Amino acid sequence: MPPAKVKIERIIDERTRQNTFHKRKGGLVKKAIELSLLCDCEVALVLKSGPTKTCKEGRVTAYCSKDLAGMLRETLTHLPMG
């Protein structure tokens with residue numbers, strides 16, 4: 001039997017929400033790495049968690065297949081202004 005569909009809405013329980021974030025963050029980073037390797041493309045991923053009891057500002061997780069600063073500079077110069 002296939003697993004039940006997860007309703008996409010904010011998780012109320014803080015502990016469950018943090019646990020889900022941690023698991024899905026790992027999966028997202030893994031997919032970013034796979035995409036950059038399989039397709040020979042540059043990938044940048046930046047995630048910022050919400051505030052927690054141990055970290056009031058939240059934590060930042062970043063992955064970049066090349067130079068993050070260079071990739072951000074290049075992206076910002078090519079963004080349409082308007």
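Residues numbered from 1 in each chain as written. Predicted model: local features only at pLDDT ≥ 70, side-chain atom pairs only at ≥ 80, totals over all residues. Heavy atoms only, no water.

**Brief notes about the overall build of the protein chain**
- For the protein chain, the helix and strand inventory stands at 2 helices and 2 strands.
- When its helices and strands are written in sequence order, the protein chain yields α-β-β-α.
- With respect to the principal axes defined by its C-alpha atoms, the protein chain has extents near 40 × 40 × 30 Å.
- Counting the 82 residues in the protein chain, one finds 18% classified as buried.
- Contacts in the protein chain between residues far apart in sequence, at least 24 positions, make up 30% of those at least 6 positions apart.
- As displayed, the protein chain has an accessible area near 7400 Å², and 61% of this comes from carbon and sulfur atoms. (Helix = DSSP H or I, 4+ residues; strand = E, 2+ residues; numbered from the N terminus. Buried < 20%, exposed > 50% of the residue type's maximum accessible area, 1.4 Å probe, protein only. Contact = heavy atoms within 4.5 Å. Areas by Shrake-Rupley, 256 points an atom, 1.4 Å probe, with all protein chains shown as cover.)

**With respect to the nonpolar core**
- In this structure, Val29, Ala32, Val43, Leu45, Leu47 and Tyr63 together form the largest nonpolar core, which totals 6 residues.
- At the level of elements, α1 (14-39) and β1 (44-48) are the ones that each hand at least two residues to this core.
- The residues contacting Ala32, other than those within four sequence positions of it, are Val43, Leu45 and Tyr63. (Core = buried A, V, L, I, M, F, W, Y, C linked by side-chain atoms within 4.5 Å.)

**Digging into the state of the cysteines**
- Taken as a whole and assessed by the stated rule, the structure comprises 0 disulfides.
- Between Cys64, a free cysteine, and Cys41, which holds the nearest cysteine sulfur, the sulfur-to-sulfur gap is 11 Å.
- With relative accessibility at 18%, the residue Cys64 sits in the buried group. (Disulfide = S-S within 2.5 Å.)

**Quick look at the side chain of Ser36**
- Within the fold, Ser36 resides in helix α1.
- Accessibility expressed as a relative area gives 9% for Ser36, which makes it buried.
- In terms of polar contacts, Ser36 uses its side chain to reach the backbone carbonyl oxygen of Ile33, at 2.8 Å.
- Ignoring sequence-local partners within four residues, the contact set of Ser36 consists of Cys41, Val43, Tyr63 and Ser65. (Polar contact = N/O pair within 3.5 Å; in protein donor to acceptor, adjacent residues only side chain to side chain.)

Coordinates in, geometry out; function isn't part of it.
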